[in-house]
Amino acid sequence: MSNNTITLLPDHVANQIAAGEVVQRPASVVKELLENAIDAGATQIKLIIKDAGKSLIQVIDNGKGMNPFDARMCFERHATSKINTADDLFALTTKGFRGEALASIAAIAQVELKTKKNDDLVGQHIEIDGGKFIAQTECQCATGTTFIVKNLFFNVPARRNFLKNDQVEQKHIIDEIERVAIPHTDIHFIFQSNGNEILNLPPGNLMQRIKSLIGSYIQKELVPISEDTNFVKIRGYVSLPENAIKTRKEQYFFVNNRFVKNPFLNHAIYEAYKELITYQSHPRYFLFLEMDPKNIDINIHPTKTEVKFTDDKAVYMLLVSSIKRALGKANVGPSLDFDSEMSITLDAQSENRIITQPKVSYNQNYNPFNSNTSVSQDNTLQKANKQHWETMFEGFKNTQENTITTTDTSQQNALEELKSEAVNFIFFQLNQKYIVTTYNKNVLIVDQQRAHERIVYEHYLKTKKETKIASQQLLFPEQIELSANDFTLMKDLTDEFKILGFDFEIFGKNSIVVNGTPSDLKDFKIAETIESILETFKLNTIDTKIEKHDNLCRAIAYNTCIKYGKHLENEEMRLILEHLINCEDPLHTASGKSIMMEVDHLDIEKFFKK
Ligand code: ADP
Ligand code: MG
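Residues numbered from 1 in each chain as written. Chains lettered and ligands numbered in written order. Predicted model: local features only at pLDDT ≥ 70, side-chain atom pairs only at ≥ 80, totals over all residues. Heavy atoms only, no water.

### With respect to the overall build of the protein chain
Secondary structure assignment for the protein chain yields 19 helices and 22 strands. For the protein chain, with 610 residues in total, the buried portion stands at 53%. When contacts within the protein chain are restricted to residue pairs at least 6 apart in sequence, long-range pairs at least 24 apart make up 69% of them. (Helix = DSSP H or I, 4+ residues; strand = E, 2+ residues; numbered from the N terminus. Buried < 20%, exposed > 50% of the residue type's maximum accessible area, 1.4 Å probe, protein only. Contact = heavy atoms within 4.5 Å.)

### Some details on the pairing of strand S10 (residues 233-239)
Across the seven residues of S10, five count as buried, placing the element largely inside the fold. Sheet topology places strand S9 (residues 222-228) next to S10; seven bridges connect them, and they run antiparallel. When the bridges of S10 are listed, Val223 appears paired with Val238. Taken together, S9 and the strand that follows it, S10, pair antiparallel across an intervening segment of four residues. Relative to strand S13 (residues 285-290), S10 runs antiparallel, the two sharing six bridges. Each residue of the ladder has a partner; that of Ile234, found in S13, is Leu289. (Pairing = 2+ DSSP bridges.)

### Overview of the pattern of salt bridges
By the definition in use, this model includes 26 salt bridges. The residue Glu227 makes a salt bridge to Arg325 at a minimum N-O spacing of 3.6 Å. With Glu227 in strand S9 and Arg325 in helix H9 (residues 312-329), this residue pair connects regions lying 98 residues apart in the sequence. Here Arg325 falls in the partly exposed class, since its relative accessible area comes to 32%. In this structure, Asp486 engages Lys249 in a salt bridge whose closest nitrogen and oxygen atoms are separated by 3.8 Å. You can see Asp486 sitting in helix H14 (residues 484-492) and its partner Lys249 sitting in the loop between S10 and strand S11 (251-255), a full 237 residues away along the chain. Given the relative accessible area of 2%, Asp486 is considered buried. The exposure class assigned to Lys249 is buried, which follows from its relative accessible area of 15%. Connected via shared salt-bridge partners are Glu221, Lys249, Glu250, Arg284, Asp486, Glu531, Glu535 and Lys538. (Salt bridge = Lys/Arg side-chain N within 4 Å of Asp/Glu carboxyl O.)

### Focus: the packing of aromatic side chains
Aromatic ring pairs are reported here in terms of the distance separating the ring centres and the angle at which the planes meet. If you walk through the whole model with that rule in mind, you get eleven aromatic pairs. Both rings, one in Phe253 and one in Tyr285, keep their centres 5.9 Å apart while their planes meet at 75°; by these two values the pair is edge-to-face. Linking Phe253 in strand S11 with Tyr285 in strand S13, this pair joins segments that are 32 residues apart in sequence. Assigned by exposure class, Phe253 and Tyr285 land together as buried. Aromatic pair Phe254 and Phe259: ring centres 5.9 Å apart, planes at 70°, arrangement edge-to-face. (Phe/Tyr/Trp six-rings, centres within 6.5 Å; stacked < 30°, edge-to-face > 60°.)

### Let's talk about the confidence of the model for the protein chain
The predicted model of the protein chain has a mean per-residue pLDDT of 80, with 79% of residues at 70 or higher. Taken as a whole, residues 333-411 scores under 50 in pLDDT and shows 158 contacts with residues more than four places along the chain or in a different chain. (pLDDT = per-residue confidence, 0-100.)

### Describing the environment of Ser104
By secondary structure assignment, the location of Ser104 is in helix H4 (residues 101-107). Separated by 75 residues in sequence, Ser104 and Val29 place their C-alpha atoms 9.5 Å apart. When sequence neighbours within four positions are dropped, the list of residues in contact with Ser104 reads Asn15, Ala18, Ala19 and Val22.

### Focus: the sheet that holds strand S2 (residues 56-61)
One open sheet holds the eight strands; their spatial order is S5-S4-S3-S6-S2-S1-S7-S8, and the pairing between them is mixed. Two strands bound the open sheet, and with one partner strand each, they are strand S5 (132-139) and strand S8 (196-201). In this sheet, neighbouring strand axes are inclined to one another by 10° on average, regardless of whether the strands run parallel or antiparallel. Where helix H6 (residues 166-181) meets the sheet, its contacts fall on strand S1 (44-50), strand S7 (188-193) and S8, and the angle it forms with S7 comes to roughly 175°. (Axes fitted to C-alpha atoms, helices over the stretch in contact; angles between N-to-C directions.)

This is how it looks when you write it as structure tokens:
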């Protein structure tokens, strides 16, 4: 008879495996501990972290605390005070219910708990180390609970090594704080990181909470939503279409005060904005759905951010119409039709027609960038005019549908030829999007936005400490309030920003004062642009590993380059092409998208033979 090979895993091993599902990073611990404190009825919650939570995460609450038995029990797997029977799952009002979090966290960190109930004279102190119980003693402490989680993943080096740098991990933590702080406006949240207070959110109403997290400027960009049916209540705020932004930040969906992600409902929001915003911009929203827990199933994901509804089509329709109604009340769009479902009779094209073409003036001798990159034989061109060419394109609004179908067929050697030819082409602009020209019998189609993005990118990329870009001092320094997260990032990037000509100082909590901007960047909305730059920067750090300076150059290029929808004069098109072909990689944007397409004259001939 052969030996048995199946054995039951010891508890601490099972917990360590389960922990992999619940705890991906320090932010997951933060989420679970904050949620527990909320479930315990706390009115004040303080979060203290060190090294982005890698060495310390401490949560102090003034909630109801635990008695000596519960204090020990809470670390057992499937130990929960929140449900008793499977039926309770359909009437959940608490954040937690699986009873897995504490067991998982204790399995992969050194954990201490101090807790006391109001009626108890002394508190309980428990220590657990990598899932192993160390001690339970009495202690003096205030009513409530403190969890101390040290050296996360100390016994799972593979996971520890997988963690990103502190800045990225801290961003995840701030995201989690925002997700619980926005719906729980009656709780006072305090957040300290490495000894600095990052957030202090006193109790208040929803708008006050949003303002203290995002910045008070946001108030005038939001309109309230309020819709009641017997099935669901919708509350919250959505942004005015003109305040849509280029990134998907500030999109919050809460169902019964729990942050959720639901692509279907997200789509409903975009549906409501359809024809009011361009394809590349995103509305901000802080939306709260309230409904009977029996109509929701939040149990489909271990970290509980996904949600299913028994009737999601009904929720979809209601969401679309209530947003449209709210925007209508705010007088957005000339002919919003609330009664016929889903129809906005505003013609996207009509927007184009209202815009009168501003006069574009440009300087014939103007060269926006380093003159020695110019291939032009024209000497006057080499005398760089300090005026940035953004100023030449004022007043245009992006109203184009930006579907990009360019395929890149250009070859390196063709480029060499192109460079060697005197730049003496004839240009025309197609759909305010492409520059079309001919060379060597072929047709060349250049994406204007991507081309300029590449040019600006390389221009900034070449900048080093020694060759700092000059900073143009502002007549009126501009104060910008940033989110806690952006503020941290901005501080972190101070040196890189300075090299590129941004001159700013820290000004109180979460705000900066901009004194100067790159001298070759003119007439742009400073606050908005800096925020978009930071946002692009953050997105880049999540997807890829690029060095800070490079990343910042990409972010600046992406956010300050000329856009689709801008009319270009012949001379401007010529300049773009001229600078483009002198770039190190004229064929691709920094993120690898194609910039130009070549239609071979032989293909054209072939076509007309038929
Ligand atoms: P769940 O939240 O799913 O019940 P957890 O593992 O997060 O599971 O917590 C287990 C139990 O420990 C909770 O059900 C609760 O009774 C207790 N508990 C956890 N944190 C606190 C706290 N901050 N204050 C009071 N009780 C708590
Ligand atoms: Mg919990």
